[in-house]
Amino acid sequence: MADASTALSAEADDHFHDECGVFGIFGRQDAAAIVTLGLHALQHRGQEAAGIVSYDGSQFHVERHVGLIGDTFTKQRVIDSLKGNRAIGHTRYATTGGAGVRNIQPFFAELADGGFAVAHNGNLTNAMTVQRALQKQGSIFSSTSDTETILHLVATSKERDLNARFIDAVRQVEGAFSLVALSSKKMIGCRDPLGIRPLVLGDLDGAWILASETCALDIIGARFVRDLKPGEMVIVTSKGIESIFPFEPQKPRFCIFEYVYFARPDSSVEGRNVYDVRKRIGAELALESPVDADIVVPVPDSGTPAAIGFSQQAGLPFELGIIRNHYVGRTFISPGDSIRHMGVKLKHNANRRMIEGKRIVLVDDSIVRGTTSQKIVQMVRDAGAKEVHMRIASPPTRASCFYGVDTPEKSKLLASRMTIEEMAEFIRVDSLGFLSMDGLYRAVGEASRNDEQPQYCDACFSGQYPTRLADLEGTDNVRSLSLLATGGL
Ligand code: SF4
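These lines cover the structure that appears in this document, whether it is placed above or below. The structure presented is a predicted model; accordingly, all values stated were derived computationally and were not measured.

Next up on the list: the overall build of the protein. When its secondary structure is counted, the protein shows 20 helices and 25 strands. Expressed as a percentage of the 489 residues in the protein, the buried residues total 59%. Looking at the protein alone, contacts between residues at least 24 apart form 69% of all its contacts between residues at least 6 apart. As presented, the protein carries roughly 19,300 Å² of accessible surface, and 50% of it is formed by carbon and sulfur atoms.

Before going further, it helps to spend a moment on the sheet that holds strand β9 (residues 187-191). Within the open sheet, the six strands sit side by side as β6-β7-β8-β9-β13-β14. Their pairing is antiparallel. Across the chains shown, the open sheet's two edge strands, defined by having one partner strand only, are β6 (107-111) and β14 (240-244). For this sheet, the mean inter-axis angle between neighbouring strands, taken without regard to orientation, is 20 degrees. Here β6 runs beside strand β7 (residues 114-124); their pairing, made up of five bridges, is antiparallel. Bridge assignment links L111 to a residue of β7, and that residue is G114.

Looking now at the sheet that holds strand β12 (residues 223-227). Taken together, seven strands build an open sheet; the order of strands is β4-β3-β5-β2-β11-β10-β12 and the sheet is antiparallel. If you trace the sheet from one side to the other, it starts and ends with β4 (60-66) and β12, each paired once. If you compare each strand with its neighbour and ignore which way they point, the axes differ by 15 degrees on average. One ladder, built from four bridges, connects strand β10 (residues 200-204) with β12; its direction is antiparallel. Paired with L201 across the two strands is R226, which belongs to β12.

F16, F257, Y259, I281, F310 and V361 are the most contacted members of the largest nonpolar core, which totals 48 residues. Mapped by element, the contributors of at least two residues to this core are β15 (254-255), α9 (257-262), α10 (274-288), α11 (304-314), β21 (359-364), α18 (437-443), β25 (456-457) and α19 (459-462). Built from parts of two domains, this core gets at least three residues from each of domain 1 (17-253) and domain 2 (273-465). Once residues within four sequence positions are removed from consideration, F257 is found in contact with F16, F262, S366, T397, C460 and F461.

Interhelical geometry of helix α5 (residues 127-136) versus helix α6 (residues 148-156) gives an angle of 40 degrees and a closest axis separation of 10 Å. Accordingly, the angle class assigned to the pair α5 and α6 is oblique. As for the relative orientation of α5 and α6, their crossing is left-handed in sense. Between α5 and α6, the contacting residues are A127, V130, Q131 and L134 on the first element and T149, H152, L153 and T156 on the second. Looking at the contact of α5 with α6 residue by residue, the class counts come to four nonpolar, four polar and no charged.

Turning next to the pairing of β10. Along β10, five of the five residues are buried, which leaves the element largely enclosed by surrounding structure. In β10, alternate side chains face the same way, and those of V200, G202 and L204 on one face and L201 and D203 on the other are all buried. Pairing of β10 with strand β11 (residues 207-211), which is carried by five bridges, proceeds in the antiparallel orientation. Across the sheet, the residue bridging to V200 is A211, located in β11. Where β10 hands over to β11, the hairpin turn is made up of two residues, of which D205 adopts a positive phi near 50 degrees.

Moving on, we get to the environment of A50. Tracing the backbone shows A50 in strand β3 (residues 49-55). Spatially, the C-alpha atoms of A50 and R64 are 5.8 Å apart, while their sequence positions differ by 14 residues.

The next subject is helix α17 (residues 420-427). For α17, the set of buried residues is M423, A424 and I427. Around the axis of α17, the buried residues are gathered within 105 degrees of arc, so they sit on the same side. Facing away from the buried side of α17 by over 90 degrees, the exposed positions are E421 and E425. On its buried face, α17 is in contact with α15 (371-382), β22 (387-392), α16 (414-417) and β24 (431-434).

This model, assessed by the stated rule, comprises 12 aromatic pairs. Taken together, a centroid distance of 5.0 Å and an interplanar angle of 45 degrees make the contact between F60 and F108 tilted. Here F60 is found in strand β4, whereas its partner F108 is found in strand β6, with 48 residues between them in sequence. Under the relative-accessibility criterion, F60 is labelled buried at 13%. By relative accessible area, which is 27% here, F108 ends up partly exposed. Between the aromatic rings of F257 and F461, the centroid separation amounts to 5.4 Å while the plane-to-plane angle is 15 degrees, which identifies the pairing as stacked. With F257 in helix α9 and F461 in helix α19, this residue pair connects regions lying 204 residues apart in the sequence. We note that F257, like F461, is buried.

Here we take up the side chain of D146. Relative to the helices and strands, D146 resides in the loop between α5 and α6. Buried charged residue D146 carries no salt bridge. Nearest counter-charge: R92, at 6.9 Å. Dropping the residues within four chain positions of it, D146 is found in contact with H120, G122, N123, L124, A127 and Q131.

Looking now at unusual backbone geometry. With an omega dihedral of 0 degrees, the bond running from Q105 to P106 counts as a cis peptide bond. Assignment of secondary structure puts P106 in the loop between β5 (86-92) and β6. That bond from P300 to D301 is cis: its omega, -5 degrees, falls within 30 degrees of zero. Relative to the helices and strands, D301 is located in the loop between β18 (295-298) and α11. Of note, the phi angle at D205 is positive, near 50 degrees, even though the residue is not glycine. With respect to the secondary-structure elements, D205 resides in the loop between β10 and β11. Classification of D205 by relative accessible area gives exposed; the value is 68%.

Calculation criteria
Residues numbered from 1 in each chain as written. Predicted model: local features only at pLDDT ≥ 70, side-chain atom pairs only at ≥ 80, totals over all residues. Heavy atoms only, no water. Helix = DSSP H or I, 4+ residues; strand = E, 2+ residues; numbered from the N terminus. Buried < 20%, exposed > 50% of the residue type's maximum accessible area, 1.4 Å probe, protein only. Contact = heavy atoms within 4.5 Å. Areas by Shrake-Rupley, 256 points an atom, 1.4 Å probe, with all protein chains shown as cover. Pairing = 2+ DSSP bridges. Axes fitted to C-alpha atoms, helices over the stretch in contact; angles between N-to-C directions. Core = buried A, V, L, I, M, F, W, Y, C linked by side-chain atoms within 4.5 Å. Domains from an automatic or database assignment. Parallel < 35°, antiparallel > 145°, perpendicular 65-115°, else oblique. Left-handed = near helix turned anticlockwise from the far one by under 90°. Nonpolar A, V, L, I, M, F, W, Y, C, P; charged D, E, K, R; others polar. Arc of directions from axis to C-beta. Phe/Tyr/Trp six-rings, centres within 6.5 Å; stacked < 30°, edge-to-face > 60°. Lys, Arg positive; Asp, Glu negative; His and termini not counted. Salt bridge = Lys/Arg side-chain N within 4 Å of Asp/Glu carboxyl O.

Okay, here's the thing in structure tokens:
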């Protein structure tokens, strides 16, 4: 249920939100300190809670806290408590499954043959279905998170060893999962067969690392080895690393929104630098949707690389006509309605001198509910802009995501209920243009979208989901999957 702070956050930050980042290291004495740094670099993938599990050769140590990594993982907790030369961690944006300490990952349990921890980026689309079956056999769930399902499937598997039990578990789940798991003897990484969420392999002086993005390797000076392949499982032990492919091969469907917004621009995912892709997106947008204007202004920070690409392609000056305040946390609590309407201004302010009297191309990554866009446009007009032309660095977002992204229900997505002309009127711009689907595919290096077999997951734009949505079957509400995950149905 939304409280004052989430209402304010939604207004001030009208974006899809990736829900998680994962990081693990095996074979380094200061493992938990390294994980803390890795998670700090992945903080953009989830700001509300984080956890680390380490193993010191005789016992596991678990720390899970609500808040930012830098605030909650103090020296005392990391150095004194999280001992050992192997550790995994997770940072989360708490919506699916609800907030609260019981849903903070990694999940840890003592299984029949020892401790086992798992951290997950993604969302399982058949978690409720599997959980119901497990509950009938006597399993008791301690959280409302889909990820706990994996722990139970590993625990209840009849297979002999951990590798086989883990494979047995991941073969029974559907949806998006980039997993990092830890036992006393090994660290396991695994991507779902479609490779919807990213997961990379790195090396730090002989210690193996698994991380959601390469920016988490850069922060600790680790070497990028490669992306895990879709459907790949790697097993790291003190003897080295082994790679296996436990699923039927399928055509990959990486989340194209990682390039548009989720991943950090200094990361490379699936072999492409995110900043480069975003600039190409802006260039495609300028070609498809040109404007007779004076300056190009990004909605910072997420619109900035696309605005640079737009300005370079269009030959128009790039100006920081909006300045972002970086110190507005998601936990900011509005004391009342009197300041709630300032939500957008807490985060963005018009740079009046750059804007006054100008015809502006405003570039943003996406429009979700449209409420923020409306307020930003008004702010720019109040600062004296002569014309405001909005250009969006993705196609219209028309459908919810069920793969580990916090999305408003479909009816709240502006593009699901309005034409582009109606949206332009709603946010009060002189013109509005979205990148085409083919333009987005060109920006990631494809000639065009293959409509028969799309090369990426683009379901939030196209409505074509790459997997079955098992938990939705028998219901007629596409939002019910998330409600099921949060215990709302
Ligand atoms: S629906 Fe697909 S493309 Fe859209 S955010 Fe989710 S995983 Fe990414």
